[in-house]
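Architecture at a glance
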Amino acid sequence: MKIKPSKSWSLSIRKGVRDDRTVFSAGGEKIPLLAEQPIRSLGREYTAELSDRQMGRRVQKQLREGLLKINSSQLPGKLKEKTRLVLELMESMDEAVNGAGVTIHTGHKWRAQEEVGQAISRLKHKEVLGRTQVSRAGLGRACGVLV
């Protein structure tokens, strides 16, 4: 089995402190440092920071952006509130709140929990699928413009 340095990352820690001077290599090619190229996997970003404070700030920013998207959506006021409540319960850091299994009663035809679940599964599927080709423009192009 051959190691691909371009698909690998390195992090050297000496006496509890990150050491960027140590350079790892495989097959004569330098393995990039985690400080140079953070890894994004399964919705989480791994950086060379040794504390989790940065991750907490990132989660708060992501939540704020998500709530702003809900506010700017075309949903009526009551449905926005129900959707926001479902997201807050699902994304809660408190395991008692997260695992309580609270059901939000929204009505007979529209169920906030099902809609949020479907939206999340669509986003996960879109992330797994990646960029696809649209018409004859080619891969990586959107509306005729290279992205």
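About the cut-offs
- Residues numbered from 1 in each chain as written.
- Predicted model: local features only at pLDDT ≥ 70, side-chain atom pairs only at ≥ 80, totals over all residues.
- Heavy atoms only, no water.
- Helix = DSSP H or I, 4+ residues; strand = E, 2+ residues; numbered from the N terminus.
- Buried < 20%, exposed > 50% of the residue type's maximum accessible area, 1.4 Å probe, protein only.
- Contact = heavy atoms within 4.5 Å.
- Areas by Shrake-Rupley, 256 points an atom, 1.4 Å probe, with all protein chains shown as cover.
- Expected span 1.5 Å × (residues − 1).
- 1 Å grid on protein atoms, 1.4 Å probe; cavity = no way out; pocket = protein on both sides within 12 Å on 5 of 7 lines; lining within 4 Å.
- Points joined across faces, edges and corners; volume = space filled by probe spheres on them.
- Nonpolar A, V, L, I, M, F, W, Y, C, P; charged D, E, K, R; others polar.
- Axes fitted to C-alpha atoms, helices over the stretch in contact; angles between N-to-C directions.
- Parallel < 35°, antiparallel > 145°, perpendicular 65-115°, else oblique.
- Left-handed = near helix turned anticlockwise from the far one by under 90°.
- Core = buried A, V, L, I, M, F, W, Y, C linked by side-chain atoms within 4.5 Å.
- Salt bridge = Lys/Arg side-chain N within 4 Å of Asp/Glu carboxyl O.

A separate point is the overall build of the protein chain. Of the regular secondary structure elements, the protein chain holds four helices and eight strands. The order of helices and strands in the protein chain, counted from the N terminus, is β-β-β-β-β-β-α-α-α-α-β-β. For the protein chain, the proportion of its 147 residues judged to be buried stands at 18%. Of the contacts formed within the protein chain by residues at least 6 apart in sequence, a portion of 30% connects residues at least 24 apart. Within the structure as shown, the protein chain displays about 12200 Å² of accessible surface, and the carbon and sulfur contribution to it stands at 54%.

For helix α4 (residues 112-129), built from 18 residues, the straight-helix expectation of 26 Å at 1.5 Å per residue is met to within 8% by its first-to-last C-alpha distance of 25 Å. After α4 finishes, the residue glycine 130 shows a positive phi value of roughly 80 degrees.

Further remarks concern the layout of surface pockets. Estimated volume of the largest pocket: approximately 1800 Å³. In this structure, the largest pocket is lined by 39 residues; those nearest its centre are Gln62, Leu87, Glu91, Ile120 and Leu123. Looking at the lining of the largest pocket, the elements with two or more residues in it are β6 (44-46), α1 (53-71), α2 (77-90) and α4. The residue inventory of the lining of the largest pocket, partitioned by class, reads 17 nonpolar, eight polar and 14 charged.

As a further point, take the packing of α1 against α2. Close contact between α1 and α2 brings their axes to 10 Å; oriented N to C, the two are set at 160 degrees. Comparing the axis directions of α1 and α2 gives the class roughly antiparallel. Crossing of α1 over α2 shows right-handed handedness. Residues Leu67, Ile70 and Asn71 of α1 form the contact with α2, whose participating residues are Lys80, Thr83, Arg84 and Leu87. Taken together, the residues of the contact of α1 with α2 break down into three nonpolar, two polar and two charged.

Turning our attention to the side chain of serine 8. Take serine 8: it is sitting in the segment before β1 (13-14). Residue classification places serine 8 among the buried residues on the basis of a relative accessible area of 18%.

With that settled, consider the nonpolar core. Core analysis: the biggest nonpolar cluster contains seven residues, these being Leu67, Ile70, Val86, Leu87, Ile104, Ala112 and Val116. Mapped by element, the contributors of at least two residues to this core are α1, α2 and α4.

Before going further, it helps to examine the side chain of serine 10. Relative to the helices and strands, serine 10 resides in the segment before β1. Serine 10 sits in the buried class, given a relative accessible area of 7%. Those residues in contact with serine 10 that lie beyond four places of it in its chain are Phe24, Ile31, Pro32, Leu33 and Leu34.

Tallying each qualifying case throughout the model produces four salt bridges. For arginine 14, the salt bridge identified is with aspartate 19, shortest N-O distance 3.6 Å. Residue classification places arginine 14 among the exposed residues on the basis of a relative accessible area of 52%. Across the pair lysine 30 and glutamate 36 runs a salt bridge whose closest N-O atoms are separated by 3.1 Å. A single network of salt bridges, built from pairs that share partners, joins Arg14, Asp19 and Arg21.

Turning next to the packing of α2 against α4. The relative placement of two packed helices is expressed as an angle between their axes plus a distance between the axes. Direction vectors running N to C along α2 and α4 enclose 65 degrees, while the axes themselves pass 9 Å from each other. Accordingly, the angle class assigned to the pair α2 and α4 is roughly perpendicular. Where α2 crosses over α4, the handedness of that crossing is right-handed. Residues Lys82, Thr83, Val86, Leu87 and Met90 of α2 form the contact with α4, whose own contacting residues are Ala112, Gln113, Val116 and Ile120. Residue classes in the contact of α2 with α4 are distributed as six nonpolar, two polar and one charged.

Such coordinate-based values are descriptive only and should not be taken to indicate function.
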